[in-house]
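Examining the three-dimensional arrangement
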Amino acid sequence: MKIETNFSLKQYNTFGIDAKASRFIDIQSEEELVEVLQTYPNDSKFILGGGSNMLLTQDIDALVLHINLKGKKIIKEDDQFVWVEGKAGENWHEFVLWTIEQNFGGLENMSLIPGNVGTTPVQNIGAYGTEIKDTFDSCNAIQIDNQVHKIFHKEECKFGYRESVFKQDAKDQYIITSVQFKLTKTNHAIKTSYGDILKELEEQNCKNPGLKEVSNAIIAIRKRKLPDPKELGNSGSFFKNPIISKTHFDKIQVKHPEMPHYTISEHEVKIPAGWLIEHAGFKGKRFGDAGIHVNQALVLVNYGNATGQEIVAVSKNIQKTVLDLFDIAIEAEVNII
């Protein structure tokens, strides 16, 4: 168990912010995790996964635990379904590709989302018409204060749009060590109606897409729209798509009839935050080394040496302008620390 001091987290967050951890431990097994929690019961702790959904605005004066547990396997299967497990430190995209290679269906629409397996239930990540909750079976976790192992089943996770019990009632109480998914072996539900998937498949002359073809189409779309964090610091979508009442939307639509929207329920409408930000004039703008990506207005980027505070300032400017122009509040999806 090696403790690093005054440790740079620049390579451990996808924004590439050069914040320092006062102490840092790379955790590679559950036994090591339990040992650390028992050895330092009273120390404040910061749990770090893939670093893909956070913006560091300061140094971390705590014991940073980098959850780097590796492994993936089949738990059980029947004629129709297979239950697979990924350890918390597994790269999400590599895990998705592993399931596709074995013709297991359900995760393909979430190809190329940055981050690790262990953090996917926390945010209930999603893309192109699917969310983690659609295939989630359970996850294993360790309670921080007493090191008790707990299994969270789907209903206990209280999944919502980019929401879960791990961001609410169970926040900062558990460390997820592995996640189990229930995937299809046959009769895959191929979802191609969302976004530009169909258009991309048509351009590839693919008339009968399978899991791999859908994944490849989404990878191609994401690579065009989203910058690679290894080349340009970012955390994917910075803002949530706002959900507003239909009554509110009807009033806004009078002023902005061209505004795209998706019906969520009889009373709720979802608005693409990227459209709001682009039409507020921010797409491609740069404020020093902080800015908005040229191809996707939802993505805030670090052009090299931006601080977390500078990126936050840009995000607040966007929020205020969108609210003033459209009377719609947009919330950060990224955790600001």
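As the structure is a prediction and not an experimental result, all values here were calculated from the model.

Section: the overall build of the protein
- When helices and strands are tallied, the protein shows 8 helices and 20 strands.
- Since a compact globule built from 337 residues should have a radius of gyration of about 20 Å, the 20 Å found for the protein is in line with a globular shape.
- In terms of its C-alpha atoms, the protein occupies a principal-axis envelope of roughly 60 × 55 × 35 Å.
- Counting all 337 residues of the protein, 50% fall into the buried class.
- Roughly 16,100 Å² of accessible area belongs to the protein as shown, and the carbon and sulfur atoms make up 46% of that amount.
- A distance of 3 Å separates the average location of the 38 positive side-chain charges in the protein from that of its 45 negative side-chain charges.

Observations regarding helix H8 (residues 308–326)
- Taking 1.5 Å as the rise per residue, H8 with 19 residues should run 27 Å; its terminal C-alpha atoms sit 27 Å apart, in good agreement.
- All of the buried residues in H8 are Gly-308, Ile-311, Val-312, Val-314, Ser-315, Ile-318, Val-322 and Phe-326. Down the axis of H8, the sector holding all buried residues measures 160°, keeping them to one side. With respect to the buried face of H8, the exposed residues turned more than 90 degrees away are Lys-316, Lys-320 and Asp-324.
- Of the residues one or two after H8, Asp-327 is the one with positive phi, at around 60°.

A short note on unusual backbone geometry
- For Arg-162, which is not a glycine, the phi torsion comes out positive at approximately 50°.
- On the secondary structure map, Arg-162 appears in the loop between strand E11 (149–153) and strand E12 (174–184).
- Residue classification places Arg-162 among the buried residues on the basis of a relative accessible area of 10%.
- A positive phi angle, close to 65°, is found at Asp-172, a residue other than glycine.
- With respect to the element layout, Asp-172 can be found in the loop between E11 and E12.

Some remarks on the environment of Ile-142
- Within the secondary structure, Ile-142 sits in strand E10 (residues 136–143).
- In this structure Ile-142 comes out as buried when scored by relative accessible area, which is 0%.
- Counting along the chain gives 87 residues from Ile-142 to Pro-229, while the straight-line C-alpha distance between them is 30 Å.
- With near-sequence residues (within four places) excluded, Ile-142 lies in contact with Glu-30, Leu-33, Val-34, Leu-37, Gln-147, Val-148, His-149, Gln-173, Tyr-174, Ile-175 and Thr-177.

Considerations on the pattern of salt bridges
- Evaluation of the coordinates by the stated rule reveals 19 salt bridges.
- Among the ionic pairs, Lys-87 bridges to Glu-30, the shortest N-O distance being 3.3 Å. With Lys-87 in strand E7 (residues 81–87) and Glu-30 in helix H1 (residues 30–39), this pair connects stretches of sequence that are 57 residues apart.
- Residue Lys-87 is classed as partly exposed on the basis of its relative accessible area, which comes to 22%.
- One salt bridge connects Asp-289 with Arg-286, and the closest N-O pair in it is separated by 3.0 Å.
- Accessibility expressed as a relative area gives 21% for Asp-289, which makes it partly exposed.
- One connected set of salt bridges, linked through shared partners, spans Glu-131, Lys-133, Asp-134, Arg-162 and Glu-333.

Parameters at a glance
Residues numbered from 1 in each chain as written. Predicted model: local features only at pLDDT ≥ 70, side-chain atom pairs only at ≥ 80, totals over all residues. Heavy atoms only, no water. Helix = DSSP H or I, 4+ residues; strand = E, 2+ residues; numbered from the N terminus. Rg over C-alpha atoms; globule rule 2.2 N^0.38 Å. Buried < 20%, exposed > 50% of the residue type's maximum accessible area, 1.4 Å probe, protein only. Areas by Shrake-Rupley, 256 points an atom, 1.4 Å probe, with all protein chains shown as cover. Lys, Arg positive; Asp, Glu negative; His and termini not counted. Charge placed at Lys NZ, Arg CZ, Asp CG, Glu CD. Expected span 1.5 Å × (residues − 1). Arc of directions from axis to C-beta. Contact = heavy atoms within 4.5 Å. Salt bridge = Lys/Arg side-chain N within 4 Å of Asp/Glu carboxyl O.

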